[in-house]
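So you can see what is in the structure, the chains are spelled out below.
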Amino acid sequence: MPDTWTTALALGAIVLVGSSVQRMAGIGFALVSAPALVMVLPATEGVALSNCAAGVISAIGLAGAWRQVRLRAMLPLVAAAAVTVPVGAWVAARLPEPALLVSMGVLVTAAVLLVLRGARVPALRGTGGAFTAGAASGFMNASAGVGGPAISLYAVNAGWTVREFVPNAQFYGLLVNVFSVTAKGLPHLAAPSWALCGAAVLAGSAIGTVLAARTPEGPARRFVLLLALAGGVTTVLKGMSGL
């Protein structure tokens, strides 16, 4: 689809919704936005834009909470992601678009179902679990734009509280998205799209902050995950139609 004002408005709307739910529920930007972005842009471009916006949103969220980051605990997660991000970028660049869409949709759908179940996975405990989660997350973030669920599952199995999880997830999200953008480059968008997406990140963050004060965390997270599940299934169907 040509990068017109219609495309720019669609991208801005998607980023606005994703930013709002991220600030409201503490999770969900990539899960909600990445499947929608690849409906508007070519898959690799949509994932790259998701990486860019998710990195900015993580930086905004981290600004007021960086003192709560557990650097020692985050080191193995970040180190493992740094290794697998280039692999994910390499795979995404070589898959035909329909296959990439199907793979992305399956990853999103499976990740959401696991997070909804709060799956307990022995392999995700301890330092080894951190390396496993970071490696899976880095690959998924670079290839499909959805690195968060693996970190969420690690946090569940490590027994982290929500208060512990959020600042550390923002720290990790900032770094893994910087790695992903460095490996793949910026998406090729016209100036109106960049401008509207930037404004949408700021507006969505403000809207989400207001909604967070009025919405119980449990229902908000379930809403985000169900929305992401619908996006994952839709992405699979779009990919299958092109095979």
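Look above for the structure.
Residues numbered from 1 in each chain as written. Predicted model: local features only at pLDDT ≥ 70, side-chain atom pairs only at ≥ 80, totals over all residues. Heavy atoms only, no water.

Student: Mind laying out the overall build of the protein, listing which residues take part and the relevant values?
Tutor: On a plain count of helices and strands, the protein comes out with 10 helices and zero strands. In terms of overall size, the protein behaves like a compact globule, its C-alpha atoms giving a radius of gyration of 16 Å where 243 residues would be expected to give roughly 18 Å. Long-range contacts, defined here as pairs at least 24 residues apart, represent 85% of the contacts in the protein between residues at least 6 apart. In the form shown here, the protein has an accessible surface area of approximately 10700 Å², with 71% of it arising from carbon and sulfur atoms. Positive and negative charge centroids in the protein, built from 14 and 5 side chains respectively, lie 13 Å apart. (Helix = DSSP H or I, 4+ residues; strand = E, 2+ residues; numbered from the N terminus. Rg over C-alpha atoms; globule rule 2.2 N^0.38 Å. Contact = heavy atoms within 4.5 Å. Areas by Shrake-Rupley, 256 points an atom, 1.4 Å probe, with all protein chains shown as cover. Lys, Arg positive; Asp, Glu negative; His and termini not counted. Charge placed at Lys NZ, Arg CZ, Asp CG, Glu CD.)

Student: Which residues make up the nonpolar core, and what values do they have?
Tutor: Leu-77, Val-146 and Tyr-172 are the most contacted members of the largest nonpolar core, which has 50 residues in total. A total of eight residues in this core trace back to one element, the largest contributor, which is helix α4 (residues 71-94). Contacts of Val-146, omitting those with residues within four sequence positions, involve Ala-30, Leu-31, Ala-34, Val-108, Met-140 and Asn-141. Of all hydrophobic cores here, the second largest spans 15 residues; its members include Ile-14, Ala-54, Ile-57 and Leu-189. (Core = buried A, V, L, I, M, F, W, Y, C linked by side-chain atoms within 4.5 Å. Buried < 20%, exposed > 50% of the residue type's maximum accessible area, 1.4 Å probe, protein only.)

Student: I'd love a proper account of the side chain of Ser-143, names of residues and values included.
Tutor: By the secondary structure assignment, Ser-143 is in helix α6 (residues 126-144). At 2.7 Å, the side chain of Ser-143 forms a polar contact with the backbone oxygen of Phe-139. Those residues in contact with Ser-143, other than ones at most four positions away along the chain, are Val-47, Gly-88, Ala-92, Leu-100 and Leu-107. (Polar contact = N/O pair within 3.5 Å; in protein donor to acceptor, adjacent residues only side chain to side chain.)

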